[in-house]
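Okay, here's what each chain looks like letter by letter:
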Amino acid sequence: MTSSSSPSQDTKRLEQTYPEGLRADALMEEDVAWSHGNDSQWDGEQFDRSDRAALRRVAGLSTELEDVTEVEYRQLRLERVVLVGVWTSGTVQDAENSLAELAALAETAGALVLDGVVQRRDKPDAATYIGSGKAEELRDVVLDTGADTVICDGELSPGQLIHLEDVVKVKVIDRTALILDIFAQHAKSREGKAQVALAQMQYMLPRLRGWGQSLSRQMGGGKGGGLATRGPGETKIETDRRRIREKMAKMRREIAEMKTGREIKRQERKRHKVPSVAIAGYTNAGKSSLLNRLTGAGVLVENALFATLDPTVRRAETPSGRLYTLADTVGFVRHLPHHLVEAFRSTMEEVGDSDLILHVVDGSHPAPEEQLAAVREVIRDVGATGVPEIVVVNKADMADPLVLQRLLRVEKRAIAVSARTGRNIDQLLALIDNELPRPSVEIEALVPYTHGKLVARAHDEGEVLSEEHTPEGTLLKVRVHEELAAELTPYVPAPLA
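From a predicted model like this one, the values you see are computed outputs, not experimental measurements.

Quick notes on the rules
- Residues numbered from 1 in each chain as written.
- Predicted model: local features only at pLDDT ≥ 70, side-chain atom pairs only at ≥ 80, totals over all residues.
- Heavy atoms only, no water.
- Pairing = 2+ DSSP bridges.
- Helix = DSSP H or I, 4+ residues; strand = E, 2+ residues; numbered from the N terminus.
- Axes fitted to C-alpha atoms, helices over the stretch in contact; angles between N-to-C directions.
- Contact = heavy atoms within 4.5 Å.
- Parallel < 35°, antiparallel > 145°, perpendicular 65-115°, else oblique.
- Nonpolar A, V, L, I, M, F, W, Y, C, P; charged D, E, K, R; others polar.

Peer 1: Hey, could you run me through the sheet that holds strand 11 (residues 389-394) in this one?
Peer 2: Where strands meet in a sheet, backbone hydrogen bonds hold them as pairs that are either parallel or antiparallel. The strand order across the open sheet formed by six strands is 8-9-7-10-11-12, and the pairing between neighbours is mixed. What marks the edges here is a single partner per strand, and that holds for strand 8 (312-317) and strand 12 (414-416). Each strand axis lies, on average, 25° off the axis of its neighbour in the sheet, ignoring direction. Pairing between strand 8 and strand 9 (residues 323-328): six bridges, direction antiparallel. Bridge assignment links Glu317 to a residue of strand 9, and that residue is Leu323. Set on the sheet, helix 14 (residues 401-410) makes contact with strand 11 and strand 12; between it and strand 12 the angle comes to about 160°. Along the sheet face, helix 15 (residues 425-435) touches strand 7 (276-281), strand 9, strand 10 (356-362), strand 11 and strand 12 and points at about 150° away from the line of strand 10.

Below is the structure:
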């Protein structure tokens, strides 16, 4: 075995062997070969350049730079949060369920929940949300746990945010800001990103703060001074608000333009008399799983709140052969921020314009009745109260049998299914078939083979009761809408004398 030589010995040998022009390249090759055999003895563990340059991302709300001189080596960590809620009504179990849901939202956003506290009050404190004394106690909890963020289970006013931050000395956010952050992480389509951006700007506009130069005034322009430069001018924070309003106006125009495309598709489905079914429900109730089970859509399924935001429309067929569309909509949650309801109104119109709503509820949830109430409140907000509804109690394989019995007893049009195992999916399809509106005209026609388009339309737009091929043409007995019935009328066989 030959021993490795040192770099200085290699340099002397290279001066004698290689010409001046090739000496540097040869020296680099020798250094690389020498380092492969000896790096582990003196420089510790080595990393590939691609591994060093890569940011090992952990989904979170903040980053921490361990060494500012080596930007390749970064340690990304989760935000450490403490939850705080105000219990104003209901039972203590209701308050704990609400805080547990806030913890699930925080974990979905990428935070690490350290502790949670609930205070019993008639109404939130106008200054600090939980009162000055409890705010001091919350400060002690933050110090003991080492948290860097406090999340409040409610929507705070700008004044409450500022005063509570002054006491606890860490960042304070509310439930609305947390949900907006989750939506911003999960939005994938152009329209979804625009809707989230609009909701965030609506939320931030009254909460802009100004320090120091932010409150300085910018004097007016004008040629050579004079009258144009007089007056108090506009502060920087006023300039920021004006720019946000301009961006919001531009975002609304863009969303309106994108809304037109969806309306065209919706009108096309209505023109062809294709019934539509909308899947609505609480977040993480299994709406996407149910869509995949019914249509094989292949939509993302994840055990996380608001995993899918962008609506998905898929074509499906009833057991009797009728075509319909199935639309997966954004999930709802208790106290859904009104900014999001307004921003996602064009998306939620799929629910209002549908012929049937599949209201999916998580049967394994501790309080499924609260989920039903929260979703129906949003359905009322978008004006879809007149649409027929089927309550689909999902996750029946994991639910308490007593809870299932209670839900099925209270909800008259309900069915318990499991999208994961396929339990009762056939019964759900049959129920959809019965509840979908049927064409109003029943007709029997002998369509010549030269008019095969009418036969195809009868299959696509109507309900074929019977079909027989005869020497003269196709004898159809169908249930269709009035427009198609008028086109089939000339081919109705004359009655026998």
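Peer 1: How should I be thinking about the packing of helix 13 (residues 368-381) against helix 14 in this particular structure?
Peer 2: For any two helices packed against each other, the geometry comes down to the angle between their axes and how far apart the axes lie. The contact between helix 13 and helix 14 brings their axes to 11 Å, and the two run at 40°. Classed by the angle they form, the pair helix 13 and helix 14 counts as oblique. From helix 13, Pro368, Glu369 and Leu372 reach across to helix 14, where they touch Val403, Arg406 and Leu407. Across the contact of helix 13 with helix 14, the residue classes tally to four nonpolar, no polar and two charged.

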